[in-house]
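Residue-level listing of the chains:
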Amino acid sequence: MSSIELAAYVRHGWNDRSPLSVAARHERAFWGLAATAMLLDVALTHYGLRLGLVEMNPIASQVIAQYGLPGMVGMKSFGFGVALFGRQVVHRRYAALVPLALALPWLVAVCINVVMIASIV
């Protein structure tokens, strides 16, 4: 820890049990969760579309209609890249929240996909 970081630690009273400190210790796992959620979302969306379900996101629907599975993977990868860039831009203290912000919508989409697929299978 540099003297500047130490001074910030003392000045702001950051401690090892604060939610942000806990999140920072698990940031790598959060990125893994985001990547897993993205892959599950792509796979389940693709499977659901093959079963006859319809993509409800109008932007994703257009991309999928025009470019198929590679377009969907590209669109999701672009979102992942934006998050990686955003992680570099936000204050270091909040950086671990970026992958969580990325993973949460994809986890919701995975849950919706599972329910929709289960309802027709």
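Residues numbered from 1 in each chain as written. Predicted model: local features only at pLDDT ≥ 70, side-chain atom pairs only at ≥ 80, totals over all residues. Heavy atoms only, no water.

(A) Inspection of the pattern of salt bridges at higher detail. Scanning all chains against the criterion turns up 2 salt bridges. Across the salt bridge formed by Glu27 and Arg87, the nearest N and O atoms sit 2.6 Å from each other. With a gap of 60 residues between them, Glu27 in helix 3 (residues 27–50) and Arg87 in helix 4 (residues 58–89) connect regions that are remote in the sequence. Notably, a salt bridge pairs Lys76 with Asp41, separated by 2.5 Å at the nearest N-O pair. Here the residue Lys76 occupies a position in helix 4, and Asp41 occupies one in helix 3, the gap between them amounting to 35 residues. (Salt bridge = Lys/Arg side-chain N within 4 Å of Asp/Glu carboxyl O. Helix = DSSP H or I, 4+ residues; strand = E, 2+ residues; numbered from the N terminus.)

(B) Inspection of a nonpolar patch on the surface at higher detail. A surface patch of nonpolar side chains, about 390 Å² in accessible area, is lined by Tyr47, Leu51, Ile120 and Val121. With respect to the element layout, Leu51 can be found in the loop between helix 3 and helix 4. Using a relative accessible area of 36% as the deciding quantity, one classes Leu51 as partly exposed. (Patch = residues over 30% accessible without salt bridge, like charges linked within 9 Å, V, L, I, M, F, W, Y side chains within 5 Å. Areas by Shrake-Rupley, 256 points an atom, 1.4 Å probe, with all protein chains shown as cover. Buried < 20%, exposed > 50% of the residue type's maximum accessible area, 1.4 Å probe, protein only.)

(C) Here's a closer look at the packing of aromatic side chains. All chains considered together, the criterion is met by 2 aromatic pairs. Between the aromatic rings of Phe80 and Trp106, the centroid separation amounts to 6.4 Å while the plane-to-plane angle is 5°, which identifies the pairing as stacked. Linking Phe80 in helix 4 with Trp106 in helix 5 (residues 97–120), this pair joins segments that are 26 residues apart in sequence. The same class applies to Phe80 and to Trp106, which are both buried. Members of the aromatic cluster, joined through ring pairs, are Trp31, Phe80 and Trp106. (Phe/Tyr/Trp six-rings, centres within 6.5 Å; stacked < 30°, edge-to-face > 60°.)

(D) Up close: the nonpolar core. The biggest cluster of nonpolar side chains holds 10 residues, and these are Trp31, Ala34, Ala37, Met38, Phe80, Ala83, Val98, Leu102, Ala103 and Trp106. Elements supplying a minimum of two residues to this core: helix 3, helix 4 and helix 5. Not counting chain neighbours up to four residues away, the residues in contact with Leu102 comprise Trp31, Ala34, Gly79, Phe80 and Ala83. (Core = buried A, V, L, I, M, F, W, Y, C linked by side-chain atoms within 4.5 Å. Contact = heavy atoms within 4.5 Å.)

(E) Here's a closer look at the layout of surface pockets. Roughly 460 Å³ of volume is contained in the largest pocket. Thr45, Glu55, Met56, Asn57 and Asn113 are, among the 20 residues lining the largest pocket, the residues nearest its centre. For the lining of the largest pocket, the secondary-structure elements that each account for two or more residues are helix 3, helix 4 and helix 5. Broken down by class, the residue content of the lining of the largest pocket amounts to 13 nonpolar, 4 polar and 3 charged. (1 Å grid on protein atoms, 1.4 Å probe; cavity = no way out; pocket = protein on both sides within 12 Å on 5 of 7 lines; lining within 4 Å. Points joined across faces, edges and corners; volume = space filled by probe spheres on them. Nonpolar A, V, L, I, M, F, W, Y, C, P; charged D, E, K, R; others polar.)

(F) Examining the environment of Asn113 more closely. Mapped onto the secondary structure, Asn113 falls in helix 5. We classify Asn113 as buried; its relative accessible area is 16%. Considered as a pair, Asn113 and His46 are 67 residues apart in the sequence and their alpha carbons are 9.9 Å apart. The contacts of Asn113, once residues within four sequence positions are left out, are Asp41, Leu44 and Thr45.

(G) The arrangement of the packing of helix 4 against helix 5 in detail. Contact geometry for helix 4 and helix 5: axes closest at 9 Å, N-to-C directions at 155°. The pairing of helix 4 with helix 5 is recorded here as roughly antiparallel in orientation. Handedness of the crossing formed by helix 4 with helix 5: right-handed. In this structure, helix 4 contributes Lys76, Gly79, Phe80, Ala83, Gly86 and Arg87 to the contact, and helix 5 contributes Val98, Leu102 and Trp106. Residue classes in the contact of helix 4 with helix 5 are distributed as 5 nonpolar, 2 polar and 2 charged. (Axes fitted to C-alpha atoms, helices over the stretch in contact; angles between N-to-C directions. Parallel < 35°, antiparallel > 145°, perpendicular 65-115°, else oblique. Left-handed = near helix turned anticlockwise from the far one by under 90°.)

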